[in-house]
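Chains, contacts and geometry: an overview
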Amino acid sequence: MTTTTFADVSRIDEISPGVYTADADPEWTIGGKPNGGYLLAMLGRAATQSATHQHVLAASAHYLSSPKPGPVHLATEVLRTGRSASQVRARMTQDDTPCVEATFTIGALASDATPQWSDGMPEPASFAQHDCEPVNGARGVAIMDQVDLRIHPDDFGFSRGTPTGSGVLRGWLELPEGEHFDPISLLYAVDSFPPATMNIAITGWVPTLELTAYVRALPAPGPVRILHKAQLIDDNRVDESCFVWDSRDRLVAQATQLAGIRLNPPE
């Protein structure tokens, strides 16, 4: 496992107001393509540096063209500055080709806030991190060797060619070197798991078309527990939902995404 922290690999450098450069790390890729949540985290850094507020509250990203590992260019535009929240548009390009376009709501998350109502959310399943099976970076999934990602054994049949058909993946995620999660790295966490469709049928690449993420609370130190599930596959597209809980069992992030998919025909 790498000794480079997520803060290091998602670092951006400001070259002028609202204009930044960054390097998409080749080790944070799937099949040679940088992970979408990882790219969104870079854009989130640029958005928070451009705004007067501190934390990403919401993000909506459209993935236009996957950049290659290497230098990327980021530009932001502050759309609105309010007392409690600001809206910022951010774009990532490479060689003048648009790669990711995103809009962020930036605000402030209170460290002592508690949910006022949460009955609409799924309950975090109770299972230990050490009871889950680690996912490694076999077959070109280099990013899996950079983090400690573990999947519940009941959901890991796809790794042996026997998907359960549930469309659900449950497990844990820990950043390199035990780095604590923050609102920026949570943007990666909501897109960190393999496609939940792998537990329905073996497929090829499942590229994200659009992803909407909400950061709900400042996470407590430690790894996070994740529920990632597919909801509907129709017309070669699938929507998936992701829920992230911290070590307090507090829901700290959630997301939905629309992705392309081609199911392999039955033999």
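Per chain, the residues get numbers from 1 upward, laid out in the order the sequence is written. Note on the predicted model: pLDDT of at least 70 is required for a residue's local features to be given, and 80 or more for side-chain atom pairs to be given and counted; whole-chain, interface and lining totals, by contrast, use all residues. Derived side-chain values reflect all non-hydrogen atoms in the structure, with water molecules and hydrogen atoms excluded from consideration.

1. Considering the overall build of the chain
Under the DSSP-based scheme used, a helix requires at least four consecutive residues in state H or I and a strand at least two consecutive residues in state E, with every element numbered from the N terminus. For the chain, the helix and strand inventory stands at three helices and 15 strands. On C-alpha atoms alone, the chain measures out to a radius of gyration of 18 Å, which is about the 18 Å that the 2.2 N^0.38 rule sets for 267 residues. Summarising its shape, the C-alpha atoms of the chain cover approximately 55 × 45 × 40 Å along the three principal directions. Here, Shrake-Rupley sampling with a 1.4 Å probe gives the accessible areas, and only protein chains in the shown set may cover a residue. Accessible area for the chain stands at about 12500 Å²; split by element, carbon and sulfur atoms hold 49% of it. Our radius of gyration is a C-alpha quantity, and the globule rule it is checked against amounts to 2.2 Å times the number of residues to the power 0.38.

2. What about the environment of T21?
Note that T21 resides in strand β2 (residues 19-24). For T21, a relative accessible area of 29% corresponds to the partly exposed category. Residues T21 and G37, 16 residues apart in the sequence, show an inter-C-alpha distance of 18 Å. Residue contacts are defined here by distance: any two heavy atoms, one from each residue, within 4.5 Å place the two residues in contact. In contact with T21, other than residues within four places in its own chain, are R11, I12, D13, I15, V72 and L74. Buried, partly exposed and exposed residues are distinguished by accessible area as a fraction of the type maximum, computed with a 1.4 Å probe on protein chains only: under 20%, between the cut-offs, and over 50%, respectively.

3. Details of the nonpolar core
Ranked by size, the top nonpolar core spans 60 residues in total, and within it L74 and F104 carry the most contacts. Take this core: its biggest share by element is eight residues, from helix α2 (residues 36-50). Among residues more than four places away in sequence, those in contact with F104 are L40, L43, G44, A47, V56, A58, A59, S86, Q87, V88, A90 and L187. Core analysis: the second largest hydrophobic core is formed by six residues, A196, A230, V238 and I261 among them. Only buried Ala, Val, Leu, Ile, Met, Phe, Trp, Tyr and Cys residues count toward a nonpolar core, and they belong to the same one when joined by side-chain atoms within 4.5 Å.

4. Let's talk about the packing of aromatic side chains
Pairing of aromatic rings covers Phe, Tyr and Trp, the last counted by its six-membered ring, and requires centre-to-centre distances within 6.5 Å; plane angles under 30 degrees mean stacked, over 60 mean edge-to-face, and any other angle means tilted. Counting across every chain of the model gives eight aromatic pairs. Where F6 meets Y38, the ring centres are 6.3 Å apart and the plane angle is 70°; that geometry is what we call edge-to-face. Here the residue F6 occupies a position in helix α1 (residues 6-9), and Y38 occupies one in helix α2, the gap between them amounting to 32 residues. With respect to class, F6 is no different from Y38; both count as buried. Site record: aromatic cluster; members linked through ring pairs are F6, W28, Y38 and Y188.

5. Here we look at the pairing of strand β15 (residues 251-260)
Within β15, eight of the 10 residues are buried, leaving the element largely enclosed by the surrounding structure. With seven bridges connecting them, strand β12 (residues 208-215) and β15 associate as antiparallel partners. Bridged to E210 within β15 is L258. In this scheme, strands are said to pair when DSSP sees at least two bridges between them. The turn joining strand β14 (residues 237-245) and β15, which pair antiparallel and follow one another in sequence, is formed by five residues; a positive phi near 65° is taken by D249.

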